[in-house]
Amino acid sequence: MEWLSPEEWNAVALSLRVSLWATFAALPLGLLTAYALARWEFPGRQILNGLVHLPLILPPVVTGYLLLLTFGIRGPVGSILHEMGITLAFRWTGAALAAAIMGFPLMVRAMRLSIEAVDPKLEQAAATLGASRFWVFVTITLPLILPGILAGSILAFAKAMGEFGATITFVSNIPGQTQTLPSAIYAFLQVPGGESSALRLVIISVIVAMGALVLSEILARRMAKRVGQG
C-alpha cells in the first residue's frame with residue numbers, strides 16, 4: 001500500500017471499517033426480516049416488504065436526508081441518543097448506519113430466496129418429532145440457508161463499500177472521520193491534480209468489489225456442496 005498516500009489509505013481503511021460494521025449490525029435483523037417475509041403471514045406484510053426495498057427505489061440522497069432528520073441531534077431518535085452520549089450524524093458510526101440501510105434490501109432478498117427454497121415439509125417433519133421452532137430453525141433451516149446468508153452478507157458489504165449519496169448527505173465528507181472511498185474519489189475529482197489519487201481509489205474499489213463477489217460465489221458453492229453432502 002506504499003503507492004497510496006496517507007489520506008487515500010485512511011479512506012480505504014474507513015470504508016472497510018464502515019462496511020464490516022454495517023454488515024454485521026444488519027445481519028441479525030436481516031435474517032429475522034427475511035424469515036418473516038418468507039414464512040409468516042401477518043397484517044402489514046406487504047408494507048414491511050415495501051419498506052425493506054424502499055432504499056433501492058429512493059434516491060440515495062433522499063435516504064440520507066431522512067436519516068439526518070431522524071437521527072440528527074434534533075431528530076426524534078437522534079436527540080434521545082444524543083442525551084445518552086451517542087451521536088450518529090457526521091460520525092463514522094452514522095456512515096455505517098447509512099451503509100447498512102442501503103445494503104439491507106440486497107441482504108434480505110438473498111436470504112429470503114434461500115429460505116423460500118427450503119422445503120417446509122422438512123421443518124414440519126422435525127416439528128412432529130417434538131422439536132421446538134427454534135431448534136428446527138437451528139438444526140434444519142439454518143444449515144440449508146447458510147449459502148443465502150453468506151451471499152446476502154457479501155452483497156451488503158459490497159454495497160456498503162460503494163455507498164455515496166446517503167452517506168455524504170448524512171455524515172458529510174470529513175477527511176479522516178467520515179470520508180469513505182466514494183467520498184474521497186469525489187473530493188479528489190474536485191481539485192486540480194487529484195485525478196491520479198481518484199484513479200488509485202477507483203482501482204481499489206474495483207478490486208474490493210470483485211473480490212467480494214468472487215469470494216461470495218466460491219464460499220456459497222462450497223457451503224451448498226457441504227449441505228448437499230450432509
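Just so we're clear, the structure is a prediction, and the values are computed from it rather than from any experiment.

The rules we used
- Every chain's residues receive numbers from 1 upward, in the order its sequence appears when written.
- Residues qualify for local features only when their pLDDT is at least 70, as the model is predicted, and side-chain atom pairs are given and counted only at 80 or more; totals for whole chains, interfaces and linings, by contrast, use all residues.
- The basis for every side-chain value is the complete set of heavy atoms in the structure, and neither hydrogens nor water enter the calculation.
- Secondary structure elements are taken from DSSP: a helix is a run of H or I of four residues or more, a strand is a run of E of two residues or more, and numbering for both begins at the N terminus.
- Think of it in three bands: with a 1.4 Å probe and only protein chains considered, a residue is buried below 20% of the maximum accessible area for its type, exposed above 50%, and partly exposed in between.
- Residues are treated as being in contact if the distance between any of their heavy atoms lies within 4.5 Å.
- Note on areas: Shrake-Rupley, 1.4 Å probe, and residue coverage restricted to the protein chains presented here.
- Angles here are taken between N-to-C directions and fall from 0 to 180 degrees, while the axes themselves are lines fitted to C-alpha atoms, restricted in helices to the stretch in contact.
- Geometric relationships in this document are graded by angle, where less than 35 degrees denotes roughly parallel, more than 145 denotes roughly antiparallel, 65 to 115 denotes roughly perpendicular, and other angles denote oblique.
- For any pair of crossing helices, the crossing counts as left-handed if the nearer helix is rotated counterclockwise from the farther one by less than a right angle, and right-handed if it is rotated clockwise.
- A pair of Phe, Tyr and Trp rings is counted when the ring centres sit within 6.5 Å of each other, with Trp represented by its six-membered ring. The angle between the planes then sorts it: under 30 degrees is stacked, over 60 is edge-to-face, the rest tilted.
- Among buried residues, those of type Ala, Val, Leu, Ile, Met, Phe, Trp, Tyr and Cys that are joined through side-chain atoms within 4.5 Å constitute a nonpolar core.
- In this analysis the probe radius is 1.4 Å and the grid spacing 1 Å, with only protein atoms considered; a cavity is a set of points the probe fits into but cannot get out of, a pocket is an open set with protein on both sides within 12 Å along at least five of seven lines, and lining residues have an atom within 4 Å of a point.
- Grid points are joined across faces, edges and corners, and a volume is the space filled by probe spheres set on the points.
- Lys, Arg, Asp and Glu make up the charged group, whereas Ala, Val, Leu, Ile, Met, Phe, Trp, Tyr, Cys and Pro make up the nonpolar group; the residues left over, Gly among them, are polar.
- Every case where a carboxyl oxygen of Asp or Glu lies within 4 Å of a side-chain nitrogen of Lys or Arg is listed as a salt bridge.

A. Up close: the overall build of the protein. Counting secondary structure elements, the protein contains ten helices and zero strands. Listing each helix as α and each strand as β along the protein from the N terminus yields α-α-α-α-α-α-α-α-α-α. With the C-alpha coordinates aligned to their principal axes, the bounding extent of the protein is approximately 70 × 40 × 30 Å. Counting only residues that meet the buried cut, the protein has 40% of its 230 residues in that class. For the protein, the proportion of contacts with a sequence separation of at least 24, taken over those separated by at least 6, is 71%. Split by element, the accessible area of the protein, about 12,700 Å² in all, is 69% carbon and sulfur.

B. The arrangement of the environment of Val108 in detail. Residue position: Val108 is located in helix α5 (residues 92-116). Sequence separation between Val108 and Ala26 is 82 residues; the distance between their C-alpha atoms is 9.6 Å. When neighbours within four sequence positions are excluded, Val108 is seen to be in contact with Gly30, Thr33, Ala34, Leu37 and Val52.

C. Structural context of the packing of helix α2 (residues 45-57) against α5. Between α2 and α5, whose axes approach to 6 Å, the crossing angle comes to 125 degrees. With respect to α5, the element α2 is oriented oblique. α2 and α5 meet at a crossing whose hand is left-handed. Together, Arg45, Asn49, Val52, His53, Pro55 and Leu56 of α2 and Ile101, Met102, Phe104, Pro105, Leu106, Val108, Arg109 and Arg112 of α5 make up the contact between the two elements.

D. How the structure looks around the packing of aromatic side chains. Throughout the structure, instances matching the rule amount to four aromatic pairs. Plain terms: the ring middles of Tyr35 and Phe137 are 5.4 Å apart, the flat faces sit at 90 degrees to each other, and that makes the pair edge-to-face. You can see Tyr35 sitting in helix α1 (residues 6-39) and its partner Phe137 sitting in helix α7 (residues 133-162), a full 102 residues away along the chain. Taken as a pair, Tyr35 and Phe137 share a single burial class, namely buried. When the ring of Phe164 is compared with that of Tyr186, the centres are 5.5 Å apart and the planes differ by 45 degrees; the resulting orientation is tilted. One end of the pair, Phe164, is in the loop between α7 and α8 (165-171); the other, Tyr186, is in helix α9 (residues 181-189), and 22 residues separate them in sequence. According to the relative accessible area criterion, Tyr186 is partly exposed, its value standing at 42%. By the ring-pair criterion, three or more aromatic residues cluster together here, those being Tyr35, Trp40 and Phe137.

E. Summary view of the nonpolar core. Of all hydrophobic cores here, the largest spans 34 residues; its most connected members are Val18, Leu31, Val108, Met111, Ile115, Ile145 and Phe170. Residue assignment for this core shows that the elements contributing at least two residues are α1, α5, α7 and α8. Among the elements that take part in this core, α5 stands out by supplying eleven residues, more than any other. The contact partners of Met111, leaving out residues within four places of it in the chain, are Leu27, Gly30, Leu31, Ala34, Gly148, Ile149 and Ser153. Judged by nonpolar contacts, the second largest core, of 14 residues, contains Val12, Phe157, Ile185 and Ala198.

F. Seen up close, empty space enclosed by the protein. A complete count under the given rule lists two cavities of 30 Å³ or more for this structure. In this structure, the largest cavity spans a volume of roughly 50 Å³. Looking at the largest cavity, the residues that line it are Ser15, Val18, Ala95, Ala99, Ala160, Met161, Glu163, Thr167 and Thr180. Contributions of two or more residues to the lining of the largest cavity are made by α1, α5 and α7. Across the lining of the largest cavity, the residue classes tally to five nonpolar, three polar and one charged.

G. Expanded view of the pattern of salt bridges. Evaluation of the coordinates by the stated rule reveals three salt bridges. Glu116 is the salt-bridge partner of Arg112, the closest N and O atoms lying 3.1 Å from each other. You can see Arg112 and its partner Glu116 sitting in helix α5, four residues apart, about one turn around the helix. Among the residues examined, Glu116 registers a relative accessible area of 38% and is labelled partly exposed.

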